[in-house]
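Below, each chain spelled out in residue letters.
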Amino acid sequence: MDSLTIRRPDDWHLHLRDRDMLRAVAPESRHFNRAIIMPNLVPPVVTGAQAAAYRERVIAAGFANPLMTLYLTETTDPADVVRAHADGIITAVKLYPAGATTNSASGVSNFENVRPVLTAMEEAGVPLCLHGEVTDSDIDIFDREAMFLDRVLTPLRAAHPDLKLTLEHVTTAQAVDWVRAHPGTGATITVQHLMANRNDMLAGGMRPHFYCLPILKRGTHQRALRQAATSGDTQFFLGTDSAPHPTHAKESACCSAGCFTAPHALPLLAHVFEEEEALDRLEAFTSLNGPAHYGLPLNDGHLTLIKGGPQTFPHRIEAHGQSVTLFDPGHPIHWHIEAPA
Ligand code: DOR
Ligand code: ZN
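These numbers come from a predicted model, not from an experiment. (Residues numbered from 1 in each chain as written. Chains lettered and ligands numbered in written order. Predicted model: local features only at pLDDT ≥ 70, side-chain atom pairs only at ≥ 80, totals over all residues. Heavy atoms only, no water.)

(A) Geometry of the overall build of the protein chain. Along the protein chain, the regular secondary structure elements total 12 helices and 13 strands. Expressed as lengths along the three principal axes of its C-alpha atoms, the size of the protein chain is roughly 55 × 40 × 40 Å. Out of the 341 residues in the protein chain, the part that is buried amounts to 57%. Contacts in the protein chain between residues far apart in sequence, at least 24 positions, make up 72% of those at least 6 positions apart. As displayed, the protein chain has an accessible area near 13500 Å², and 51% of this comes from carbon and sulfur atoms. In the protein chain, 27 positive and 38 negative side-chain charges are present, and the distance between their average locations comes to 2 Å. (Helix = DSSP H or I, 4+ residues; strand = E, 2+ residues; numbered from the N terminus. Buried < 20%, exposed > 50% of the residue type's maximum accessible area, 1.4 Å probe, protein only. Contact = heavy atoms within 4.5 Å. Areas by Shrake-Rupley, 256 points an atom, 1.4 Å probe, with all protein chains shown as cover. Lys, Arg positive; Asp, Glu negative; His and termini not counted. Charge placed at Lys NZ, Arg CZ, Asp CG, Glu CD.)

Structure below.
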């Protein structure tokens, strides 16, 4: 197969940031129609009014169809969440365990304190997106997701069986199994977790552009993710977690977590799905399963991926005073997106 036409995709997990960085990266997601926009700004997006204002800034920066989220804190007002959802301002609420990742200091430490808001969301049908890692310093970083499933997610699901859950950026076979064992739960998978494992990040030199959270795991987990993504199983769909950081913050003694994949996510995915002999299931992963999970209509348009010679993607984007380096899988990619006629 040397060309593949799919329904226009969506990105169910995207970081766009704010100000100059927002203006630099928003146009890079142009191949996606909608995207769930993460709220971990500084300060975070915690109220419906803040989400409405951020939405306007995202649209002004060039991304037309943002689906906004609220950052759940222990002082979030349940009524504000329910109103923002009913008014169409937000699509979901994001739960970060405190300290889990970039700008997550205002996240949840004591889950008892968010019971009332979770109950209100369950009753009103507001989806919850979860960063699924425990953050206790004594838990090994490679075990944090698996530990979250047992310690947090299983009890949370039992306490709120009707709460619509999306487990974000799953990275382990345990998470894949958990999702399959809990019908109705959705899970996003990133491009980098499909393309790479911890050897790619650490063997023969430490590569900061592979560093993200949850951290890349061993190859057996990468294979489980590839199997889930290419299976056609409707519970799994694309959330790039494209997370831009300035190049100097990535290439640093204490590197920031995040891979910037928005510009070339679709060619990279075509490469993965071709390797897995599953190109016929790429559309389900990028364009069908996500809308079904969120109860949203499918996009109207289509785009075509073409297979040709090795592609050259820009090493980095430079715009609005920002330099952001693209994730480079380290081997040639032969797919590109056909330019619109
Ligand atoms: O690698 C990551 N980067 N993981 C996250 O959860 C957050 C993100 C960011 O905002 O930079
Ligand atoms: Zn993220």
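What follows picks up the thread again.
(B) Here's a closer look at the sheet that holds strand β8 (residues 186–189). Overall, parallel pairing links the 8 strands, which are arranged β2-β3-β4-β5-β6-β7-β8-β9 in an open sheet. With one partner strand each, in any of the chains shown, β2 (11–14) and β9 (236–238) form the two edges of the open sheet. Across this sheet, the average inter-strand angle for adjacent strands is 30 degrees, counted without regard to direction. In this structure, strand β6 (residues 128–130) lies alongside strand β7 (residues 165–167), joined through 3 bridges in parallel fashion. Looking at the pairing, Leu-130 lines up with Leu-167 of β7. Here helix α3 (residues 78–86) sits on the sheet and contacts β4 (65–71) and β5 (90–95); the angle it forms with β5, its principal contact strand, is near 145 degrees. (Pairing = 2+ DSSP bridges. Axes fitted to C-alpha atoms, helices over the stretch in contact; angles between N-to-C directions.)

(C) Quick peek at the coordination of the zinc ion (ligand 2). Protein ligation of the zinc ion (ligand 2) involves His-13 (NE2), His-15 (NE2) and Asp-241 (OD), the donor distances falling in the range 2.1 Å. Mapped onto the sequence, the donors of the zinc ion (ligand 2) take the spacing H-x1-H-x225-D. Residue His-13 is found in strand β2, and its partner Asp-241 is found in the loop between β9 and α10 (247–250); the two are separated by 228 residues along the sequence. Exposure class is identical for His-13 and Asp-241. Each is buried. (Donors = N, O, S within 2.8 Å, 3.2 Å for Na, K, Ca; no water.)

(D) Inspection of the state of the cysteines at higher detail. Within this structure, the stated rule accounts for 0 disulfides. There is no disulfide at Cys-254, and the cysteine sulfur nearest it, in Cys-255, is 7.6 Å away. Looking at the unpaired Cys-259, the closest cysteine sulfur is the one in Cys-212, lying at 4.2 Å. (Disulfide = S-S within 2.5 Å.)

(E) Local environment of the packing of aromatic side chains. What the rule picks out here adds up to 6 aromatic pairs. Seen in terms of ring centroids, Trp-12 and Tyr-294 are 5.1 Å apart; in terms of plane orientation they differ by 15 degrees. Their pairing is stacked. Of the two residues, Trp-12 is situated in strand β2 and Tyr-294 in helix α12 (residues 282–294); the sequence distance between them amounts to 282 residues. The exposure classification of Trp-12 matches that of Tyr-294, with both residues buried. An aromatic cluster is built from Trp-12, Phe-237 and Tyr-294, whose rings are joined through pairwise contacts. Above the face of the Phe-142 ring, Arg-198 is positioned so that its terminal group lies 4.7 Å from the ring centre. (Phe/Tyr/Trp six-rings, centres within 6.5 Å; stacked < 30°, edge-to-face > 60°. Lys NZ or Arg CZ within 6 Å of the ring centre and 35° of its normal.)

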